[in-house]
Amino acid sequence: MKLKLDIVKYRFLCLALSAILLTPGIIAMIYSSIVYPTHAPLKVGIDYTGGTTLQYGVKEEITNDKLSSVRTNLEKGGIENPYLQVIHVNAQQESDLTSILSIRTKFIDEKSADQDKITSIVSKNFTEPELVQVTSVGPTLGKELFKNSLIALSLALLGIIAYLTFQFQFDYALAAILGLVHDSLFVIGVFSILGLFFNVQVDALFVTAVLTVIGFSVHDTIVVFDRVRENLKYYGKKMSFGEIVNSSINQTLKRSINTSVTTLITLLALYFLGGVTTKDFVLAMILGILIGTYSSIFFCSTLVDIWEDKKNSANSAIG
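Residues numbered from 1 in each chain as written. Predicted model: local features only at pLDDT ≥ 70, side-chain atom pairs only at ≥ 80, totals over all residues. Heavy atoms only, no water.

S.K.: Help me out: how do you make sense of the sheet that holds strand S2 (residues 83-88) in this one?
M.R.: Adjacent strands of a sheet pair through backbone hydrogen bonds, lying either parallel or antiparallel. Strand order in the open sheet made by the four strands is S2-S3-S1-S4, with antiparallel pairing throughout. With partners counted over all chains shown, the strands left at the sheet margins are S2 and strand S4 (130-137), one partner each. Strand-to-strand twist of the sheet, defined as the mean angle between neighbouring strand axes without regard to direction, takes the value 20°. Bridge count for strand S1 (residues 51-58) against strand S3 (residues 99-105) is seven bridges, and the pairing is antiparallel. Note on S3: the bridge partner recorded for Leu-54 is Ile-103. Packing against the sheet, helix H3 (residues 64-76) makes contact with S2 and S3, and its axis sits at approximately 145° to S2. Strands S1, S3 and S4 of the sheet are contacted by helix H4 (residues 114-125), whose axis makes an angle of about 30° with S1. (Pairing = 2+ DSSP bridges. Helix = DSSP H or I, 4+ residues; strand = E, 2+ residues; numbered from the N terminus. Axes fitted to C-alpha atoms, helices over the stretch in contact; angles between N-to-C directions. Contact = heavy atoms within 4.5 Å.)

As structure tokens, this is what we get:
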């Protein structure tokens, strides 16, 4: 079997690269947990905190001065802690709207006059703003959604752990689980950084994206591990475990890259041409596909090889 990519030779370099990729996000999550009122590692949206988001389409560009003016007028008008965000409308969409002004505030009851007050204030700063969407989530529902999201993530991880432990030996299962943690931390860490610097918030769609990333990541890893197991049967006495890992990676490398590239083409089309409401979801998917492909080749496989070397060394010492 001809080798093209020698992962085992640079296994510790691969682990160092993983540490470099994860460290900024972990730092951002720790910092966010300290500074955010919710003490969450991410800036969470109204899906989890409760509140109302009003989105106004405007025909002119939204400058920083106008944004500051709207925020000041909202606070003077009695709107508590308004959170403002500008969403640029895709040029491909058939609309004369240039931007969308998103205003998030505390939960507004249907009978409340606050919505009319917000609309009136926005109208003073922009010409004929169009209220395009109103989204409200009550505090109780927000907590319930957060609880259900954690349950969904936990059940998914437990199911994957049970399946991998049954299907493979424990070393393989543990490496795959660490790969899932590796991929999830990277995606969450990037969104934590985006929350700090660009006010990007996560919602229930983000949890969906993380679950999808977990599924994709473990699928890619299983393909590599299954090939390692098959090659061990035929070449276990002729080749070292490291050589078998390298051969297995190279045998599945083309398939992994092709699968990832075709998926990324679709996701990139959705990101640049799709609606603004799904951009963060698609971005999480793009990051997850990239890191999942990386981890199945450069992270999980190297962990299995390192543990196998340690077991062989321990057995030699005992013998």
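Next comes the rest of the description.
S.K.: For this particular structure, what's the right way to read unusual backbone geometry?
M.R.: If a residue is not glycine, its phi is most likely negative; likewise, a peptide bond is most likely trans. The phi angle at His-39 is positive, at roughly 55°, despite the residue not being glycine. Position of His-39 among the secondary structure elements: in the loop between helix H1 (11-35) and helix H2 (46-49). With a phi close to 60°, Asn-199 is a non-glycine residue in the positive phi region. Looking at the element boundaries, Asn-199 is found in the loop between helix H6 (170-198) and helix H7 (204-235). You can call Asn-199 partly exposed: its relative accessible area is 31%. (Buried < 20%, exposed > 50% of the residue type's maximum accessible area, 1.4 Å probe, protein only.)

S.K.: Help me understand H1 in this model?
M.R.: Three or four residues apart is the spacing at which side chains of an α-helix point the same way, because the helix has 3.6 residues per turn. Taking 1.5 Å of rise per residue, 25 residues should cover 36 Å, and H1 covers 37 Å from first to last C-alpha, within 8% of that figure. The sharpest bend along H1 measures roughly 30° and falls at Leu-22, with the proline Pro-24 sitting one to four residues further on. Inspection of H1 places Arg-11, Cys-14, Ser-18, Leu-22, Gly-25, Ala-28, Met-29 and Ser-32 among the buried residues, and these make up the whole buried set. (Expected span 1.5 Å × (residues − 1). Bend = angle between axes of the 7 residues up to and from the residue.)

S.K.: In this structure, what is going on with the layout of surface pockets? I would like to understand it.
M.R.: In this approach a probe as big as a water molecule rolls over the atoms, and the regions it shows empty are the leftover space. Considered as a void within the structure, the largest pocket measures approximately 960 Å³ in volume. Those elements giving two or more residues to the lining of the largest pocket turn out to be H2, S1, S2, S3, S4, H6, H7 and helix H9 (279-318). Take the lining of the largest pocket: its biggest share by element is five residues, from S2. Considering only residue class, the lining of the largest pocket consists of 17 nonpolar, twelve polar and five charged. Here the second largest pocket defines a volume of roughly 610 Å³. Together, 23 residues line the second largest pocket, and Val-44, Asn-81, Tyr-83, Arg-104 and Gln-201 are the ones closest to its centre. (1 Å grid on protein atoms, 1.4 Å probe; cavity = no way out; pocket = protein on both sides within 12 Å on 5 of 7 lines; lining within 4 Å. Points joined across faces, edges and corners; volume = space filled by probe spheres on them. Nonpolar A, V, L, I, M, F, W, Y, C, P; charged D, E, K, R; others polar.)

S.K.: Would you explain the environment of Leu-264 in this entry?
M.R.: Examined against the element boundaries, Leu-264 turns out to sit in helix H8 (residues 241-273). In this structure Leu-264 comes out as buried when scored by relative accessible area, which is 14%. With 23 residues separating them in the primary sequence, Leu-264 and Leu-287 have C-alpha atoms 9.6 Å apart. Residues contacting Leu-264, with those up to four places away along its chain left out, are Ile-286, Ile-289 and Leu-290.

S.K.: I would appreciate a short explanation of the nonpolar core in the present structure.
M.R.: One broad trend across soluble globular proteins is that nonpolar side chains are buried collectively. The biggest cluster of nonpolar side chains holds 55 residues, and the ones touching the most others in it are Ile-160, Leu-164, Tyr-172, Val-187, Phe-191, Phe-206 and Phe-225. Sorting the residues of this core by element identifies H1, helix H5 (139-167), H6, H7, H8 and H9 as the ones contributing at least two each. Top contributing element to this core by residue count: H9, with 13 residues. With residues up to four places along the chain from it excluded, the contact list for Val-187 reads Phe-206, Ala-284, Leu-287, Gly-288 and Ile-291. (Core = buried A, V, L, I, M, F, W, Y, C linked by side-chain atoms within 4.5 Å.)

S.K.: Hey, could you run me through H4 in this one?
M.R.: Helix length check: H4 (twelve residues) gives 17 Å between terminal C-alpha atoms against 16 Å at 1.5 Å per residue, within 8%. All buried positions along H4 are accounted for by Asp-114, Ile-118, Ile-121, Val-122 and Asn-125. Buried residues of H4, seen end-on, are gathered within an arc of 100° and therefore sit on one face of the element. Residues Asp-116 and Lys-124 are exposed on H4 and point more than 90 degrees away from its buried face. Contact partners of the buried residues in H4: S1, H3 and S3. (Arc of directions from axis to C-beta.)

S.K.: Would you take a moment to explain a nonpolar patch on the surface for this structure?
M.R.: The grouping of Ile-26, Ile-30, Tyr-31, Ile-34 and Val-35 at the surface amounts to a nonpolar patch, some 480 Å² of accessible area in total. Among the secondary structure elements, Ile-30 is positioned in helix H1. (Patch = residues over 30% accessible without salt bridge, like charges linked within 9 Å, V, L, I, M, F, W, Y side chains within 5 Å. Areas by Shrake-Rupley, 256 points an atom, 1.4 Å probe, with all protein chains shown as cover. Salt bridge = Lys/Arg side-chain N within 4 Å of Asp/Glu carboxyl O.)

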